[in-house]
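Close look at the chain arrangement
The chain contents come next:
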Amino acid sequence: MADKTALRDAATVIVVRDGTDGPRVLMGQRDAKAAFMPNKFVFPGGAVDAGDAQVPLAATLSAVCRDRLDEDAAPGTAAGLAAAAIRELWEETGQILGLPGDWPVPPPADWQGFAATGHVPDARALQFVFRAITPQGRPRRFDARFFLLRADALASDPDSFDGACDELSHLQWISLSDVRNFDLPFITEVVLAEVAARLHDSNPPSSVPFFRNDDEESLFLRLRGRPPSSAE
């Protein structure tokens, strides 16, 4: 049996679009019986699967995102995380981040639904903007990487969630001005502040916040060695 409390790599996607009341983010509510963050409103995301790193990408992450993802991580981590972000976005919201095309190899079982849409995953619009490790003692622990994505990069209708599984309910676009009225995990509030500060910049950050909880103390660091107060 797999140890479900073991630390696992995970990817989360923060999809942003413009609304009449300002920027909006795509979120859904976890089930009340979920072992991890029950009832909380969260971004789509989840653990990296074993086959994600071998999934063909129509286009890869930017070089700066790959460099930050591979920092303080196992070599080659970036490819699996990018693929997992696209797969989780598809599974939990029905949204497609990909280019029309045929797969050069048969898709893994958990990618067959995505492949059936006639798209190959495309990672170039993903921006790596935050990393956080779940504190010890939780029923599930993740080394989560958060990706910012503008909704205009989607190949699907951003208002249609017909292809979504039932892991998240009440899928909706929530205004950044209203989002803190929802039941959010602490780390989601921290990430939202980072996202709000980056909305003016279309370039991926060269320095990424890292909330580290894998030791006896919690540390708020920045990948690439900068202190938390430094400018991007």
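Above: the structure in question.
From a predicted model like this one, the values you see are computed outputs, not experimental measurements.

1. A look at the pattern of salt bridges
This structure, assessed with the given rule, holds 16 salt bridges. One salt bridge connects Asp52 with Arg87, and the closest N-O pair in it is separated by 2.9 Å. Highlighted residues: Asp52 in the loop between β4 (45-47) and α1 (63-70) and Arg87 in helix α2 (residues 77-93), separated in sequence by 35 residues. Judged by its relative accessible area of 1%, Asp52 falls in the buried class. For Arg87, a relative accessible area of 2% corresponds to the buried category. Taking the shortest distance from any N to any O, the salt bridge between Arg87 and Asp110 comes out at 4.0 Å. Taken together, the positions of Arg87 in helix α2 and Asp110 in the loop between β5 (98-100) and α3 (112-115) put the pair 23 residues apart, joining distant regions of the chain. Taking the relative accessible area as the measure of exposure, Asp110 reaches 29% and is therefore partly exposed.

2. Focus on the packing of aromatic side chains
Under the defined criterion, the tally for this structure stands at 7 aromatic pairs. Ring geometry for Trp103 versus Trp111: centroids 5.8 Å apart, planes at 55 degrees, classification tilted. A single burial state applies to Trp103 and to Trp111, both of which are buried. Each member of the aromatic cluster is reached from another via a ring pair, and the members are Trp90, Trp103, Trp111 and Phe114. Between Arg17 and the ring centre of Trp173, over which it is positioned, the NZ or CZ distance is 4.8 Å. Of note, Arg131 hangs over the ring of Phe210, and the distance from its end group to the ring centre comes to 4.3 Å.

3. Details of the packing of α1 against α2
Orientation of α1 relative to α2, taken along the N-to-C sense of each, is 110 degrees, at an axis distance of 8 Å. Judged on the interaxial angle alone, α2 and α1 are roughly perpendicular. Along the contact surface, α1 presents Arg66, Leu69 and Asp70, while α2 presents Thr77, Ala78 and Leu81. Looking at side-chain class alone, the contact of α1 with α2 contains 3 nonpolar, 1 polar and 2 charged residues.

4. A word on the pairing of strand β7 (residues 127-133)
Extensive coverage of β7 is indicated by the burial of 7 of its 7 residues. Pairing between β7 and strand β8 (residues 141-150): 6 bridges, direction antiparallel. Bridged to Phe128 within β8 is Phe147. Pairing geometry for β7 and strand β10 (residues 208-212), over 2 bridges, is parallel. Its bridge partner lying in β10, Arg131 is registered against Phe210.

How each quantity is defined
- Residues numbered from 1 in each chain as written.
- Predicted model: local features only at pLDDT ≥ 70, side-chain atom pairs only at ≥ 80, totals over all residues.
- Heavy atoms only, no water.
- Salt bridge = Lys/Arg side-chain N within 4 Å of Asp/Glu carboxyl O.
- Helix = DSSP H or I, 4+ residues; strand = E, 2+ residues; numbered from the N terminus.
- Buried < 20%, exposed > 50% of the residue type's maximum accessible area, 1.4 Å probe, protein only.
- Phe/Tyr/Trp six-rings, centres within 6.5 Å; stacked < 30°, edge-to-face > 60°.
- Lys NZ or Arg CZ within 6 Å of the ring centre and 35° of its normal.
- Axes fitted to C-alpha atoms, helices over the stretch in contact; angles between N-to-C directions.
- Parallel < 35°, antiparallel > 145°, perpendicular 65-115°, else oblique.
- Contact = heavy atoms within 4.5 Å.
- Nonpolar A, V, L, I, M, F, W, Y, C, P; charged D, E, K, R; others polar.
- Pairing = 2+ DSSP bridges.

Don't take any of this as a statement about function, it's just geometry.
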